[in-house]
Amino acid sequence: MNRAEILSKDHWRFFDSVDGLDDLDLVALVCMDSYLDHVTDHGLATPSSDDIQDWAMQQDEPISAGQHLLAALAICVPPFADTARNAVAALKKAKLPRGPKRAPEEDEATQDTASGAAGFWDPLARPAPAYSGRRKVSVYPEELPESWKEGLLRAAIGQPGNGVIYSREILRRTRDKLCQLAWSCRRAGLPVEISPSTADRFQRDVVERRRAGKNGLRWATVRASLEELHRFSRFMGYDDALIGFLGERRALLKGRERRQKALKHFELARTGNTTNRILDMADGLLNAVGATDCARKRHRMRNAACILGIYPVAPLRNASAYLVFGKNLFWSSNEWVIEMKIQKTQAATPYHFVLPLHPDHGKFIDAVLVGDESRRRLPEMRADASKKLRPLFVLPDGRSAAPTYIPRIFKAMTGNSFTTTRTMLHTDEAIENGDAGTSYAMASCHQVDWEIRRKYQLDTLARSSVERRQQAGRNRRAAYTAIAATQCDKA
């Protein structure tokens, strides 16, 4: 939705003559439009500070949304500016929930386009550092060039640009890469822009940092960084020659990525984990709950068993894994069903993803839901959880678990990162069931591009190759041991 479409709505006709309306940035305009809808829907004749807080708490970032609304009200309805200011102050003092009000069921492939009134997300708000020192190699979003900031804001409210439509998670990643590019440009004394010279410098800096990282240089990381510059350049409609240069660089890095064995294959080979092995771990953990005296430990064990029991067969991406009863997790026809909209980055329409869970996996959800209560209450508890939109995973004290809880527990229990579930399922199904297994894995991973078939066939070969080399090494060592033992006997 652009400025013209927003201002064409009926409730904006009262503000036609307001001075400064044209100077309002797009996000403030979107927030004001959302708030006017809220006022109309709830019949609020004289909105109070509490009403503004109620509206803000429905957004993904309440404080940032409130601040943008305050900026709009200061121009459009000055008498209400103090009310909005009090609401923002109250939001800052309030202890907001740990998890987002709207569960992050979206990742690079999900429907989270930050469109209009629902789910406001400000791409220019200062992100909290993910780890110490993050800003040493980056700048803050508000320091970016004005044209970039305008482009990010347009993308955040769902406007397409030259055929490119951003999902929330992809836009977040693009913003971060632009901030890193700006840092590289400053460091090298280059203008902060996207050009062949700045892209070269950015690539060198990324390579330098990755070589010093825990996992060493991974070309997938470098390719992903340049890919975001290519995507943003297309969105902004930059020069065809620049877009072509970035496209060629992306293809070059993709070739290097293919030639470098994926880290996840080494992770799986190191742990020896398979889908069935992890499901066996889940069963064992759930069966051990009854032998544990501590109620908090029983709660944590049920959560961990559920994570191990459903995600190997429903390998959602990290952010997509945050399941909520009645929102993307439903009890239907005597089974649990995961259902959500999946928005591919380039797609104009979302893909409707539905995955029924067999009772062998649904039992873990029931166990989490029932806890220490009687199973006779299970139907009632299913209905109540769906009505209240309860997150699947809560902490022992009743608070919602953070979105990072699921991948963190999975890594702690298996030794593998959460992202290996997809590779694991594809590999195991391809080995056991051939093409039919690959088709099943693609459906479970909500993949519709059949180029993925070839990719995972190559991945399966890569993992099989690693396992064959390891087995050959074990055989050699066993032979050496046998020879040494024989020699000792002779001595």
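None of these values were measured; they are calculated from a predicted model. (Residues numbered from 1 in each chain as written. Predicted model: local features only at pLDDT ≥ 70, side-chain atom pairs only at ≥ 80, totals over all residues. Heavy atoms only, no water.)

The next thing to look at is the overall build of the chain. When its secondary structure is counted, the chain shows 18 helices and three strands. When the 491 residues of the chain are sorted by exposure, 50% land in the buried category. The long-range fraction of contacts in the chain, counting pairs at least 24 apart against all pairs at least 6 apart in sequence, stands at 67%. Element-wise, carbon and sulfur atoms account for 51% of the exposed surface of the chain, whose accessible area totals about 24000 Å². (Helix = DSSP H or I, 4+ residues; strand = E, 2+ residues; numbered from the N terminus. Buried < 20%, exposed > 50% of the residue type's maximum accessible area, 1.4 Å probe, protein only. Contact = heavy atoms within 4.5 Å. Areas by Shrake-Rupley, 256 points an atom, 1.4 Å probe, with all protein chains shown as cover.)

This part is about helix H13 (residues 295-310). A rise of 1.5 Å per residue sets the reference length of H13, with its 16 residues, at 22 Å; its end C-alpha atoms lie 23 Å apart and thus fit the reference within 8%. Burial within H13 is extensive, with 12 of its 16 residues counted as buried. Among the residues of H13, those classed as buried are Arg298, His299, Met301, Arg302, Asn303, Ala304, Ala305, Cys306, Ile307, Leu308, Gly309 and Ile310. (Expected span 1.5 Å × (residues − 1).)

This part takes up the nonpolar core. In terms of nonpolar packing, the biggest core is built from 67 residues, with Trp12, Met32 and Phe232 touching the most fellow members. Non-local contacts of Phe232, meaning those with residues more than four positions away in its chain, are made with Trp148, Gly151, Leu152, Tyr166, Thr174, Leu178, Ile194 and Tyr238. Residues Val289, Ala304, Ala305 and Ile307 belong to the second largest nonpolar core, which totals 45 residues. (Core = buried A, V, L, I, M, F, W, Y, C linked by side-chain atoms within 4.5 Å.)

Tracing the chain through its elements places Asp366 in helix H14 (residues 359-370). Owing to a relative accessible area of 7%, Asp366 belongs among the buried residues under this scheme. Discounting chain neighbours no more than four positions away, the residues touching Asp366 are Trp336, Arg375, Leu378 and Arg382.

The next subject is unusual backbone geometry. Phi is positive for Ser333, close to 50°, though the residue is something other than glycine. Residue position: Ser333 is located in the loop between strand E1 (329-332) and strand E2 (335-342). Judged by relative accessible area, which is 65%, Ser333 ranks as exposed. Phi at Leu389 takes a positive value of approximately 55°, unusual for a residue other than glycine. Tracing the sequence through the fold places Leu389 in the loop between helix H15 (378-388) and helix H16 (405-414).

When two helices pack together, their arrangement is given by the angle between the helix axes and by the axis-to-axis distance. Viewed as axis vectors pointing N to C, helix H12 (residues 275-287) and H16 meet at an angle of 95°, and their least axial separation amounts to 12 Å. Taken together, the axes of H12 and H16 lie roughly perpendicular to each other. Along its contact with H12, which presents Ile278, Met281 and Leu285, the element H16 presents Phe410, Met413 and Thr414. Of the residues that constitute the contact of H12 with H16, the class distribution is five nonpolar, one polar and no charged. (Axes fitted to C-alpha atoms, helices over the stretch in contact; angles between N-to-C directions. Parallel < 35°, antiparallel > 145°, perpendicular 65-115°, else oblique. Nonpolar A, V, L, I, M, F, W, Y, C, P; charged D, E, K, R; others polar.)

A few words now on the pattern of salt bridges. Inspection of the entire model under this criterion finds 24 salt bridges. Linking Asp372 and Arg302 is a salt bridge whose minimum nitrogen-to-oxygen distance equals 3.2 Å. Residue Asp372 is located in the loop between H14 and H15, and its partner Arg302 is located in helix H13; the two are separated by 70 residues in the primary sequence. The partner of Arg377 in a salt bridge is Glu373, and the shortest N-O contact between them spans 3.2 Å. Residue classification places Glu373 among the partly exposed residues on the basis of a relative accessible area of 44%. In the salt-bridge network here, residues are joined through shared partners; they are Arg173, Arg223, Glu227, Glu228, Arg231 and Arg250. (Salt bridge = Lys/Arg side-chain N within 4 Å of Asp/Glu carboxyl O.)

As a further point, take the confidence of the model for the chain. Reading fine detail from the predicted coordinates is not recommended where pLDDT is low. Per-chain confidence: the chain averages 77 in pLDDT, with 72% of residues scoring 70 or above. Counting interchain partners and residues more than four positions distant, the pLDDT-below-50 stretch residues 428-446 has 48 contacts. Confidence drops under pLDDT 50 across residues 450-466; counting only partners more than four residues distant or on other chains, this segment forms 32 contacts. (pLDDT = per-residue confidence, 0-100.)

Next up on the list: the packing of aromatic side chains. Geometrically, a pair of aromatic rings is defined through the distance of the ring centres and the angle of the planes. Per the stated rule, a full pass over the model turns up eight aromatic pairs. Taking the centre distance of 5.9 Å and the plane angle of 80° together, the rings of Tyr35 and Trp55 count as edge-to-face. You can see Tyr35 sitting in helix H2 (residues 26-42) and its partner Trp55 sitting in helix H3 (residues 49-56), a full 20 residues away along the chain. What makes Trp55 buried here is its relative accessible area of 1%. Centroid distance Trp148 to Phe232: 6.5 Å. Interplanar angle 85°. Geometry classified as edge-to-face. Of this pair, Trp148 sits in helix H6 (residues 146-156) while Phe232 sits in helix H9 (residues 219-236), placing them 84 residues apart in sequence. (Phe/Tyr/Trp six-rings, centres within 6.5 Å; stacked < 30°, edge-to-face > 60°.)

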